[in-house]
Amino acid sequence: MSGTHRISPRSGVAFALDAGARLTVIDPEGSQVSDLVAYCLADVREVISNGRTFDYEETIALTTGNKLWSNRSNPMLAIVDDTVGKHDFLLTPCSEDTFRHFYPEHPVHRGCFGNLVAALAPWGVTADDIPTAFNLFMNVPVDGPSGAIKVLPPLSKAGDKITVQAEMDCLIGLTACSAYASNGGSFKPIDYRID
Ligand SMILES: [Zn+2]
């Protein structure tokens, strides 16, 4: 796979990423979140884990130099470039349930969760297998003393990007996020490239 691919607003894709390959995710218009999940291509029961990642990286502020770890304590992806430096690994993908909870005035959308389930189904991944996503460009500041969190518009500007290198053969799920608050109130595409 070569060249740049576009994920339409409020949709998602899935693809294999070979060990050593680099995935660059670009926010082409700015202020748009992209949820990323990763599985071991050979056994999708091995999956990206925010808890393991926080354990081993000793931070929740993940950027260039940090690795993203699996539930089996193997490194899956290494962040090798990051022009934004603000991403979230605390919150789950937006879903029909979160739309009902936060946006009762808006039509329910299947969200990143439903988009990931649909995109990953050919690999045998089901709804119960969707982990907390690494939410690229998502701006969730944490107040240290109280632990309170907020969802603010992304800090990413048009053309900002993050690059991860696969440390094992991975199955990747990737979205253009569907939720209002996390994307500054509008829905834009996401671009990606594999090198
Ligand atoms: Zn979303």
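See above for the structure.
Every value quoted in this text rests on a predicted model; they were computed, and no experiment measured them.

A. Looking closely at the side chain of Asp 82. Along the chain, Asp 82 turns up in strand S7 (residues 75-82). Salt bridges are absent for the buried Asp 82, whose nearest opposite-charge side chain, Lys 161, sits at 9.4 Å.

B. Expanded view of the layout of surface pockets. In this model, the largest pocket occupies a volume close to 330 Å³. In this structure, the largest pocket is lined by 17 residues; those nearest its centre are Leu 91, Thr 92, Phe 102, Met 138 and Val 151. Here the residues of the lining of the largest pocket are counted per class, giving twelve nonpolar, four polar and one charged.

C. Looking closely at the coordination of the zinc ion. Those donors, Cys 94 (SG), Cys 112 (SG) and Cys 177 (SG), are the protein atoms that reach the zinc ion, and they lie 2.2 to 2.3 Å from it. Summarised as a motif, the one-chain spacing of the donors to the zinc ion is C-x17-C-x64-C. Remark: Cys 177 occurs in the loop between strand S10 (170-175) and strand S11 (190-194) and Cys 94 occurs in the loop between S7 and helix H2 (96-102); sequence separation between them is 83 residues. Judged by its relative accessible area of 9%, Cys 94 is buried. The class for Cys 177 is buried, based on a relative accessible area of 4%.

D. A look at the pairing of strand S9 (residues 160-166). Of all seven residues in S9, five are buried, a share of seventy percent or more. With six bridges joining them, strand S3 (residues 22-27) and S9 adopt antiparallel strand pairing. Opposite Asp 27, over in S9, you have Asp 160 as the bridge partner. As paired elements, S7 and S9 share five bridges and run antiparallel to each other. Bridge assignment links Leu 77 to a residue of S9, and that residue is Ala 166.

E. Representation of the sheet that holds strand S6 (residues 67-69) within the structure. Pairing is antiparallel across the open sheet formed by six strands, whose spatial order is S1-S11-S3-S9-S7-S6. Whereas interior strands pair on both sides, the edge strands pair on one side only; in this sheet they are strand S1 (4-7) and S6. For this sheet, the mean angle separating the axes of adjacent strands, direction not counted, is 25°. With four bridges connecting them, S1 and S11 associate as antiparallel partners. Residue Thr 4 lies in a different strand from S11, and its bridge partner there is Arg 193.

F. Main features of helix H3 (residues 111-120). Burial runs high along H3: seven of the ten residues are buried. If you check which residues of H3 are buried, you get Gly 111, Cys 112, Gly 114, Asn 115, Leu 116, Ala 119 and Leu 120.

G. Spotlight on the side chain of His 87. Along the chain, His 87 turns up in the loop between S7 and H2. What makes His 87 buried here is its relative accessible area of 7%. For His 87, the side chain forms a polar contact with the side chain of Asp 82, separated by 2.9 Å. A distance of 2.8 Å separates the side chain of His 87 from the backbone nitrogen of Phe 137, its partner in a polar contact.

What counts as what
Residues numbered from 1 in each chain as written. Predicted model: local features only at pLDDT ≥ 70, side-chain atom pairs only at ≥ 80, totals over all residues. Heavy atoms only, no water. Helix = DSSP H or I, 4+ residues; strand = E, 2+ residues; numbered from the N terminus. Buried < 20%, exposed > 50% of the residue type's maximum accessible area, 1.4 Å probe, protein only. Lys, Arg positive; Asp, Glu negative; His and termini not counted. Salt bridge = Lys/Arg side-chain N within 4 Å of Asp/Glu carboxyl O. 1 Å grid on protein atoms, 1.4 Å probe; cavity = no way out; pocket = protein on both sides within 12 Å on 5 of 7 lines; lining within 4 Å. Points joined across faces, edges and corners; volume = space filled by probe spheres on them. Nonpolar A, V, L, I, M, F, W, Y, C, P; charged D, E, K, R; others polar. Donors = N, O, S within 2.8 Å, 3.2 Å for Na, K, Ca; no water. Pairing = 2+ DSSP bridges. Axes fitted to C-alpha atoms, helices over the stretch in contact; angles between N-to-C directions. Polar contact = N/O pair within 3.5 Å; in protein donor to acceptor, adjacent residues only side chain to side chain.

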